[in-house]
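Close look at the chain arrangement
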Amino acid sequence: MKKIILLFTAFVSITFAQSKDPDLILKNVIQEFSTVKDYVADIKIKVDVKVLKVPETRAKIYFKQPDKIHIESEGFAMIPRKGLDFSPSSLLKDKYSAFYQKEDFVDGIKTAVVKVIPLEDNSNIILSTLWIDQTKNVIRKIESTTKTNGTFTIILSYNSSNKFPLPDSMTFQFDMSRVDLVPNEFNDRIEKKNNKKTLAGLVGKVYITYSNYIVNKGISDSIFEEKK
Amino acid sequence: MIGLINIELYKIFRKWRTYIGFIAIAVLVSVIQVAMLVEGQRSINFMTHNLQQSFILVGNLLNGYLVSHLILNTLVIHIPFLITLVAGDLLAGEATSGTYRMLITRPVSRISIVTSKFLAGIIYTCMIIFFLAIFSLGLGLSIFGSGDLLVVQNGTIIVFSKNDVLWRFLLAYCFSSLGMGVVASLAFLFSSLVENAIGPIISTMAIIIIFIIISGINIEIFRAIKPYLFTNYMNGWRLFFDDPIDIKEIVKDSLILLGHIFLFFGSAALIFQKKDILS
């Protein structure tokens, strides 16, 4: 009898842990991230973009649920708008429709691939694909296709020693031919056209490394208001 | 020679017109700094408009270095006029005031006279640029503070760390002095040809304006002429705000500008040597 109960428990836990229900997978991810009420971390930013030459910079990032973010830096820092807020609740805050696609591996880790289609008309994202690590309930990779800026990819890696679902590094990749970084006024029409040709197929990358996390120690709201 | 140069510098700084350059730079720099204080953030937002669509920008981009870089960009249009005011008067001024004959009756060779006058003109040019550097950077850093410098160069946005900027400015100002040296030499050459300073000032400015316009028009025939126009190399200071710095190009531009200085001064010296002084 004990054996039957044990087998049943194991079967149920495996079924729930490795669920194919996309909504449940996403709910688990959101639930896991909700253990983080706030955090402060040091970040190191390295930009590898053909038309941008920026020195490696360091900054401090402050996060508070649900989506408050503040960045402090002594020097100039450039952080990708899309990749900065990797909080699942923020990524999935609007209405969406999700479906499970398949199992896949990211950096040798088994993930569930879930497609998310935003249902809001004003959403710039057409389709997002999330690679979700169901053992830790964290997102390992995001690939989003936008209406205006092509496709961007976010790859997140996690340190096993961190008990919170917070990444220790993030790589943000985007299609350079679809993003205008240099103001039009600085490039004449011919040069701009040529630039588009030379940038076609090139991928811009921004690497962010996180360290010295201070989690759930409380952050005053004034830090986030100060920016405004 | 040093004594002669001192005399020439004394003559230069005794004239009121010499100070026009310094006053004009002080006014120009102050006006730009005040304008940037009022409108600077909007300009930065305009420059980084596209960038801000994809990235969050943190840090003080509106700083003394950015404003000084902006001011240095206006150099090629405004400063030559201030240089020619003095350089065009160096030889022609003697003719106008009727002191040419008295000058060359002194026991000094003509070549020493012309060289000392030319070097005094070059010293004045360097002083103008030095004043621009001190005033622009000093005022800019005291008003806006220090910070990283954002530059848009050949379709690329480059951000220099604040610790990596000052030496670039120093070398850029030195290079600008070389470019303005060509303007002074050209005005000096014209000054050796006539007996009134107005002619050299207007002729030099006319040549610079024509060359700048030709360089700016993107037509095949003008593109072929462009490498032969000295104004094309006067903006070489911008190469110091590139990453990596193209040393080969800087050396080439410097040599071309130096070549022009020697050519214009050599011609002026030759004309002065053979000049029949009648006034």
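My aim in this report is to walk through the structure given alongside it, one point at a time. (Residues numbered from 1 in each chain as written. Chains lettered and ligands numbered in written order. Predicted model: local features only at pLDDT ≥ 70, side-chain atom pairs only at ≥ 80, totals over all residues.)

**As for the overall build of chain A**
The secondary structure content of chain A amounts to 6 helices and 12 strands. Taken over 228 residues, chain A has a buried fraction of 29%. The contacts of chain A with a sequence gap of at least 6 include a subset with a gap of at least 24, amounting to 54%. (Helix = DSSP H or I, 4+ residues; strand = E, 2+ residues; numbered from the N terminus. Buried ≥ 20, exposed ≤ 12 C-beta atoms within 10 Å, placed from the backbone. Contact = placed C-beta atoms within 7 Å.)

**Focus: the sheet that holds strand E2 (residues 52–53) of chain A**
Taken in spatial order, the 3 strands make up an open sheet running E2(A)-E3(B)-E2(B), and their pairing is mixed. This sheet does not close on itself; its edge strands, each paired only once, are E2 of chain A together with strand E2 (149–153) of chain B. As defined by bridge partners, E2(B) adjoins strand E3 (residues 156–160) of chain B across 5 bridges and the pair is classed as antiparallel. Each bridged residue has a counterpart across the sheet, and for Leu149(B) the counterpart in E3(B) is Phe160(B). (Pairing = 2+ DSSP bridges.)

**Side note on the packing of helix H2 (residues 17–47) of chain B against helix H4 (residues 64–73) of chain B**
Residue and element names in this part refer to chain B. At their nearest, the axes of H2 and H4 sit 10 Å apart, and the two run at 135° to each other. Relative to H4, H2 is oriented oblique. Our pair here, H2 against H4, has a crossing hand that is right-handed. For the pair H2 and H4, the contacting residues are Val-29, Ile-32, Gln-33 and Met-36 in the first and Val-67, Leu-70 and Ile-71 in the second. Along the lines of polarity and charge, the residues of the contact of H2 with H4 split into 6 nonpolar, 1 polar and no charged. (Axes fitted to C-alpha atoms, helices over the stretch in contact; angles between N-to-C directions. Parallel < 35°, antiparallel > 145°, perpendicular 65-115°, else oblique. Left-handed = near helix turned anticlockwise from the far one by under 90°. Nonpolar A, V, L, I, M, F, W, Y, C, P; charged D, E, K, R; others polar.)

**Looking at the sheet that holds strand E7 (residues 109–118) of chain A**
Residue and element names in this part refer to chain A. Judged by pairing direction, the sheet is antiparallel, and its 10 strands sit side by side in the order E4-E3-E1-E12-E11-E10-E9-E8-E7-E6 without closing on themselves. Two strands lie at the open edges of the sheet, namely strand E4 (68–72) and strand E6 (96–106), each paired on one side alone. With direction set aside, neighbouring strand axes in the sheet form an average angle of 20°. Pairing between strand E1 (residues 38–48) and strand E3 (residues 57–64): 8 bridges, direction antiparallel. Across the sheet, Asp-42 pairs through a bridge with Lys-60, a residue of E3. Packed on one face of the sheet, helix H2 (residues 22–33) meets E6, E7, strand E8 (125–133) and strand E9 (138–146) and runs near 80° to E6.

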